[in-house]
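# Report on the structure
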Amino acid sequence: EQHHSPAVVTKAIHHLSRVAGDQARSLYEVNQDVYGLLRYGINVSEGVGSQKETAWPIDWVNPQKNHFGIAEEVTVQGTNRKRPDLVLYVNGIALGVIELKRSTISLGEGIRQNLSNQRPDTIERYFTTMQLVMAGNDTAGLRYGTILTPEKYYLQWKEEARGEYHTELDKHLVQLCNKERFLELIHDFILFDGGT
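Cut-offs used in this document
Residues numbered from 1 in each chain as written. Predicted model: local features only at pLDDT ≥ 70, side-chain atom pairs only at ≥ 80, totals over all residues. Heavy atoms only, no water. Pairing = 2+ DSSP bridges. Helix = DSSP H or I, 4+ residues; strand = E, 2+ residues; numbered from the N terminus. Salt bridge = Lys/Arg side-chain N within 4 Å of Asp/Glu carboxyl O. Buried < 20%, exposed > 50% of the residue type's maximum accessible area, 1.4 Å probe, protein only. Contact = heavy atoms within 4.5 Å. Polar contact = N/O pair within 3.5 Å; in protein donor to acceptor, adjacent residues only side chain to side chain. Axes fitted to C-alpha atoms, helices over the stretch in contact; angles between N-to-C directions. Phe/Tyr/Trp six-rings, centres within 6.5 Å; stacked < 30°, edge-to-face > 60°.

This part is about the sheet that holds strand E8 (residues 132–137). Spatially, 6 strands are ordered E3-E6-E7-E8-E9-E10 in an open sheet, and the strand pairing comes out mixed. Pairing within the sheet leaves two strands with one partner each, and these edge strands are strand E3 (68–72) and strand E10 (155–156). Note: E3 against strand E6 (residues 86–90), 5 bridges, orientation antiparallel. When the bridges of E6 are listed, Ala 71 appears paired with Val 87.

What follows is the structure, given as structure tokens:
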């Protein structure tokens, strides 16, 4: 839809995949490079001697032009197999993950599960493209952070509710994960600073 040639599109996808699949560097370093490609675009040329073009994996200016998807119980094979409860995709790129718990179980359990999934002995490399990592239940709502965020730094979304919701989780999901807000948070409020 950005009017690039098939060769440019193929090269941009290949470059993003290669960066996200880097096994030699830390999760933080790879995630930072992936974020740079998402945020600032991927510069590629159609061929030798051709002018470079910027292909944008995400249309930040027109959020509705992106393709949003949610997958439930995604099976991910890493060193061990894991199944995140919900994965949020934008244009086929996994950008958010949500661990859901019953109301009787602390949100801390979901947060710790997310942190456990980011260890090298589980599915760490699945998180190279993740920008928001969340945990929620019906009574406590939703807590969010980025990759490698320690449990005590997960935040609760605080916004006055417009409309009625069945649960706190429903309210937070609508507020935090609506298309425009989700992309705004990723584009404008993620910062990499000295390993954090």
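The rest of the description comes next.
What follows is about the pattern of salt bridges. Counted by the stated rule, this structure contains 11 salt bridges. Close ionic contact of Arg 25 with Asp 22 constitutes a salt bridge, the shortest N to O distance being 2.8 Å. On the basis of relative accessible area, Arg 25 is assigned to the partly exposed category, the value being 28%. A salt bridge links Arg 112 to Glu 109; the shortest N-O distance between them is 2.8 Å.

Here we come to the environment of Lys 158. Looking at the secondary structure, you find Lys 158 in the loop between E10 and helix H4 (168–177). We classify Lys 158 as exposed; its relative accessible area is 73%. C-alpha separation for the pair Lys 158 and Ala 20, spaced 138 residues apart in sequence, amounts to 32 Å.

Of note, Glu 73 is a non-glycine position whose phi angle comes to about 55°, a positive value. Structurally, the position occupied by Glu 73 is in the loop between E3 and strand E4 (76–77). We classify Glu 73 as partly exposed; its relative accessible area is 33%. Even without a glycine there, the phi angle at Leu 148 is positive, about 65°. Checked against the element boundaries, Leu 148 lands in the loop between strand E9 (141–145) and E10.

Attention now goes to helix H3 (residues 107–117). For H3, the set of buried residues is Leu 107, Gly 108, Gly 110, Ile 111, Asn 114, Ser 116 and Asn 117. Against strand E5 (81–82), strand E7 (93–100), E8 and E9 lie the buried residues of H3. Regarding H3, its N-cap is Ser 106, as a side-chain oxygen of that residue lies 2.9 Å from the backbone nitrogen of Gly 108 further along.

With that out of the way, let us pick up the pairing of E9. Counting buried positions along E9 gives 4 out of 5 residues, so the element sits mostly inside the fold. Linking E8 to E9, which pair antiparallel, is a turn of 3 residues.

With that settled, consider the packing of H4 against helix H5 (residues 179–189). Closest axis-to-axis distance for the H4/H5 pair is 5 Å, and the angle between their directions is 65°. Contacts from Gln 175, Leu 176 and Cys 177 in H4 reach Lys 179, Arg 181, Phe 182 and Leu 185 in H5.

Another aspect to go through is the packing of aromatic side chains. The way to describe two aromatic rings as a pair is by their centre distance and the angle between their planes. Enumeration over the complete set of coordinates arrives at 4 aromatic pairs. Centre to centre, the rings of Tyr 126 and Phe 127 are 6.3 Å apart; their planes meet at 90°, and the pair counts as edge-to-face. Residue class for Tyr 126 comes out buried when judged on its relative accessible area of 18%. When the ring of Tyr 144 is compared with that of Trp 157, the centres are 6.0 Å apart and the planes differ by 55°; the resulting orientation is tilted. Taken together, the residues span a long stretch of sequence, with Tyr 144 in strand E9 and Trp 157 in the loop between E10 and H4 at a distance of 13 residues. For Trp 157, a relative accessible area of 14% corresponds to the buried category. An aromatic cluster of at least three residues, connected via ring pairs, comprises Tyr 28, Tyr 35 and Phe 192.

In short, shape yes, function no, at least from these values alone.
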